[in-house]
Amino acid sequence: MSQRVLFVAGAKATAPLLLGILPFAVIAGATAVAADLPLLAAHALSFVIFAGASQLATIELLDRGTPIAIVVLTALLINLRMLMYSASIAPHFKNLSSKWKTLIAYLLTDQAFALSIARYEQEISEVGKRWFYLGAAFSLWFFWQLGTAAGIYMGAALPPELSFEFAIPLTFMALLFPLIRNRPSWIAAATAAVVAVLGHGLPFNLGFIAAALSGSVAALLAEGWSHAH
Amino acid sequence: MHINHPIWFAMLAIGAGTFVFRFSFIGMLSRLNVPQSFERILKYIPVAVLSALIVPSLVIHQGHPDLSFSNLRLLAGVAAMVVAATTRKIFPTLAVGMGTLWLLMYLTG
């Protein structure tokens, strides 16, 4: 497949996720304005940080007069999961130049990671991997900026009672099942689910990180156990 | 221009730190040096991450785990999960999940 075809395929794959992401972006923009941030700063947040949950936390904490060091630390802890995504996806991009790696890293999000990793399960060339990722990641970036701008200028006009954000976990479900192929992967999914629910009250999204790591470790232990028997 | 607004410093620090997280392994992993143990450890991260993103958004209701029938997202999520497991396709999963949620919200008023 040509580079353009794969770029378009990546962009198209984001369509169901946009249902959940656009309302989230609108809220992020509207919240920035409601907290009296300078207009330029409201836009710049989405360009410079480009990670929804941490943007909302930053706006909220600054608005409450939280010391800057605490604001920065909180946002960075929320974004610590990017380290995990970077490690997981890095082997697919190891032969690229640093210019490409820089662009790929800047565009890395939960959704770009999930869509690409799911697609890489099927056969795809090294060049194909790059262009599929860029199509998906750039589309997510573009609509994030668009949604933020809409929120900044029009406010949060979407009715929250329609629960469009529920589209994101639903899309992830369809991506998850093809990845579950053996007993260790079932154990990874189940362990991560339980730990994520138990740890949901922990600050800084730490429950999520604990869930992902413990799921992964549990699967490796299960793998080792089945090799030994 | 509100150049002194604290948002600017916070934004630059968070943006830089987040980029370092994103770039870390993607940037450092060269073709010369990919220990096999590294790939082994990371094999199950995607499954664990997706599961950890999905399940709390079904189970946590008003801030607490809720496995009862009054948790509409759990009911809609289970319906969608059956579709996801059998079809493995995004649009049917999305249609059944959102459709069930909206129907239940309408029925329970």
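Just so we're clear, the structure is a prediction, and the values are computed from it rather than from any experiment. (Residues numbered from 1 in each chain as written. Chains lettered and ligands numbered in written order. Predicted model: local features only at pLDDT ≥ 70, side-chain atom pairs only at ≥ 80, totals over all residues. Heavy atoms only, no water.)

1. Quick notes on helix H1 (residues 3-13) of chain A
All names here are of chain A. Filter applied, for reference: For each residue, the accessible area found with a 1.4 Å probe, counting protein chains only, is set against the maximum for its type, and the residue is called buried under 20%, exposed over 50%, and partly exposed in between. Numbering of helices and strands runs from the N terminus; a helix is a DSSP stretch of H or I covering at least four residues, while a strand is a stretch of E covering at least two. Throughout, the arc means that of the directions going from the helix axis to the C-beta atoms. We call two residues in contact when some of their heavy atoms are within 4.5 Å.
Within H1 the residues assigned to the buried category are Leu-6, Gly-10 and Ala-13. All buried residues of H1 project into a common sector of 65° when viewed along the axis, lining one side. Structural note: H1 exposes Arg-4 and Lys-12 on the side pointing more than 90 degrees away from its buried face. Looking at the packing, one finds that the buried side of H1 touches helix H2 (15-34), helix H8 (110-119) and helix H9 (126-154).

2. A closer look at the layout of surface pockets
Any space left empty among the atoms is revealed by the rolling of a water-sized probe across them. Just so we agree on the cut-off: A cavity, in this analysis, means grid points on a 1 Å lattice covering only the protein atoms where a 1.4 Å probe fits yet has no way out; a pocket is instead an open set bounded by protein on both sides within 12 Å along at least five of seven lines, and a residue lines either one if it has an atom within 4 Å of a point. Grid points are joined across faces, edges and corners, and a volume is the space filled by probe spheres set on the points. Three categories are distinguished: nonpolar for Ala, Val, Leu, Ile, Met, Phe, Trp, Tyr, Cys and Pro, charged for Asp, Glu, Lys and Arg, and polar for the others, with Gly belonging to the last. Boundary definitions for the domains trace back to an automatic or database domain assignment.
Computed from the structure, the largest pocket encloses a volume of approximately 1,400 Å³. At 6 residues, the largest contribution of residues to the lining of the largest pocket is made by H2 of chain A. Taken together, the residues of the lining of the largest pocket sort by class into 30 nonpolar, 12 polar and 5 charged. Each of domain 1 (3-163) and domain 2 (180-229) of chain A accounts for three or more of the residues forming the lining of the largest pocket. For the second largest pocket, the lining is made up of 16 residues, of which Glu-121 and Arg-181 of chain A together with Leu-42, Lys-43 and Pro-46 of chain B are closest to its centre. Secondary-structure elements contributing two or more residues to the lining of the second largest pocket are helix H2 (36-42) and helix H3 (45-59) of chain B. Looking at side-chain class alone, the lining of the second largest pocket contains 8 nonpolar, 4 polar and 4 charged residues. Two domains each donate at least three residues to the lining of the second largest pocket, and these are domain 1 (3-163) and domain 2 (180-229) of chain A.

3. Things to note about the UniProt feature "transmembrane region" (unreviewed entry) in chain B
Residue and element names in this part refer to chain B. The following threshold applies: UniProt positions are given in the numbering used here, feature names are shortened, and annotations may be inferred rather than shown by experiment.
Mapped onto the present numbering, the UniProt feature "transmembrane region" (unreviewed entry) falls at residues 6-29, 41-61 and 67-85. Helix makes up 81% of residues 41-61 and strand 10%. Its end C-alpha atoms lie 33 Å apart. In the segment residues 67-85, helix accounts for 74% and strand for 0%; the C-alpha atoms at its two ends are 21 Å apart.

4. Some remarks on helix H11 (residues 183-198) of chain A
Basically, it comes down to this: By definition here, a helix of n residues has an expected span of 1.5 Å times n minus one.
Compared with the 22 Å implied by 1.5 Å per residue over 16 residues, the 23 Å span of H11 of chain A between its first and last C-alpha is a close match. Of the positions making up H11 of chain A, those classed as buried are Pro-184, Ser-185, Ala-188, Ala-189, Ala-192, Ala-193, Ala-196 and Val-197 of chain A.

5. Thoughts on the interface of chain A and chain B
Stated precisely, the cut-off is as follows: Each of two parts loses accessible area, computed with a 1.4 Å probe, when they are put together; buried area is these two losses added. Here, a salt bridge means any side-chain nitrogen of Lys or Arg that lies within 4 Å of a carboxyl oxygen of Asp or Glu.
Counting from both sides, the interface comprises 83 residues of chain A and, opposite them, 71 residues of chain B. Carbon and sulfur atoms make up 80% of the surface buried where chain A meets chain B, a total of about 6,800 Å² over both sides. Considering only the surface of chain A that becomes buried against chain B, Phe-166, Met-173 and Phe-177 of chain A emerge as the three largest contributors, covering 9% of it. A salt bridge links Lys-43 of chain B to Glu-223 of chain A; its shortest N-O distance comes to 2.7 Å.

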